[in-house]
Amino acid sequence: IATAPAVTFVLMNQLNIEGRLRHVLGSLVVLDDLIEVIIFSILMQVSLQQMHHESFSGWAVLGPVGKEVFYAIITGGVVFILLRLLIHRRPRSLDREENEPQASTELSAFLQRIVAEHPSPSVEILLVVMGAVSLGAGIAYLNHWPFLITATLAGFLIANFHTHAIFDSLKIDHLAAALNLGFFALIGAHIDLSQLDGATAWLAGLYVISRLIGKMVGTWLGCRLTRQDEQVTRCLPALMLPQAGVAAVEAVYASAVLGRPEISAIILPAIVFFEVVGVFLVDRSLRRWRTWLADEQRALRSDSEAQAGTEPAQLLRAFLSPRYILPELESETKTDVLTEMLDHAPVSYT
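Residues numbered from 1 in each chain as written. Predicted model: local features only at pLDDT ≥ 70, side-chain atom pairs only at ≥ 80, totals over all residues. Heavy atoms only, no water.

J.: In this structure, what is going on with the overall build of the protein chain? I would like to understand it.
T.: From N to C terminus, the protein chain includes 14 helices and 0 strands. Moving toward the C terminus, one meets the helices and strands of the protein chain in the order α-α-α-α-α-α-α-α-α-α-α-α-α-α. Expressed as a percentage of its 350 residues, the buried residues of the protein chain come to 33%. Sequence-distant contacts, at least 24 apart, represent 75% of the contacts inside the protein chain between residues at least 6 apart. When the accessible surface of the protein chain is totalled, it reaches about 21,500 Å², and 65% of it is carbon and sulfur. (Helix = DSSP H or I, 4+ residues; strand = E, 2+ residues; numbered from the N terminus. Buried < 20%, exposed > 50% of the residue type's maximum accessible area, 1.4 Å probe, protein only. Contact = heavy atoms within 4.5 Å. Areas by Shrake-Rupley, 256 points an atom, 1.4 Å probe, with all protein chains shown as cover.)

See the structure below:
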């Protein structure tokens, strides 16, 4: 179910795409991934009960899931507090002090780069954010809690109750490409060729087809039910196809906990397929969106130019006589132009 938005937002940044499509996609991906984590946690509890030959009961499933989500939320709150303590708004008095020549220690200089009213993208802030989030997510993962809820909640609290500018450091050039490269290397390291037989390949193909149909049809139907713009409805389904981090980690985790390595053998090749094919479809959809926006802007300019050539021009012609107009000024400087216009004014009104 989960959607990986990283590649999509990288392409959006490259194509300078902002506005309603970006907003709808960001909100939808967050809800999509959170719902997926909860469903995965419930299914893991059901699978563990079946593995231990226990009778299925609602409380035996929902109780552990609720406890895991609760602890993940607490961990996300701790990450938020940690980031708020490390990166906080700087008083304006410090801005004035920076302009005064005075010696400062290396520690204060380092903190001045981090502690800012609007932190600019920097390696220091990037390391602080990634360190705090990795620590919280690692604790959640170690205890089998939904780590995605931890990271998402921390980001939500920081963006809404502190400052969204902290995350501008994640826009450092080539950062996303390096992270994706390392991620695919880890995926490749977990693909076990000994598990790839005919039945596994058939299940992987079934997984790809069912997820492809589910994402495209489900997103299109959701856009129709929520009455999205026609352009959003045509572009958004393809933007929901990429699949990476959450699914890969959960596949490896489920394989290890349940002792079923074929789960990774089915999911990980499908993830590679969705990242390759999904990126192609995402790029195509975003370029189509940008073309539509360019057409709209041209249409708006044409309408404004047409209006400017009719009513305002007619009004000007109604109030201005040709004798009030100097079509060819001989002066070259501003002072001479004003002098020439003033010299012409008495002639125009006589």
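J.: I would appreciate a short explanation of the pattern of salt bridges in the present structure.
T.: For side chains of opposite charge, pairing can occur when their charged atoms come near one another. The tally for this structure, following the rule as stated, stands at 5 salt bridges. Residue aspartate 229 is joined to arginine 20 by a salt bridge in which the shortest nitrogen-to-oxygen separation is 2.7 Å. One end of the pair, aspartate 229, is in the loop between helix H9 (198–225) and helix H10 (230–239); the other, arginine 20, is in helix H2 (residues 20–51), with 209 residues separating them in the sequence. With relative accessibility at 37%, the residue aspartate 229 sits in the partly exposed group. Residue class for arginine 20 comes out partly exposed when judged on its relative accessible area of 35%. Where glutamate 230 meets arginine 224, a salt bridge forms, and the shortest distance between an N and an O atom there is 3.4 Å. Its relative accessible area of 41% is what places glutamate 230 among the partly exposed residues. (Salt bridge = Lys/Arg side-chain N within 4 Å of Asp/Glu carboxyl O.)

J.: What exactly am I supposed to notice about the state of the cysteines here?
T.: The term disulfide refers to a covalent linkage connecting the sulfur atoms of a pair of cysteines. Scanning the model with the defined rule gives 0 disulfides in all. Left unpaired, cysteine 223 is separated from the closest cysteine sulfur, that of cysteine 235, by 9.9 Å. By relative accessible area, cysteine 223 is classed as buried at 3%. (Disulfide = S-S within 2.5 Å.)

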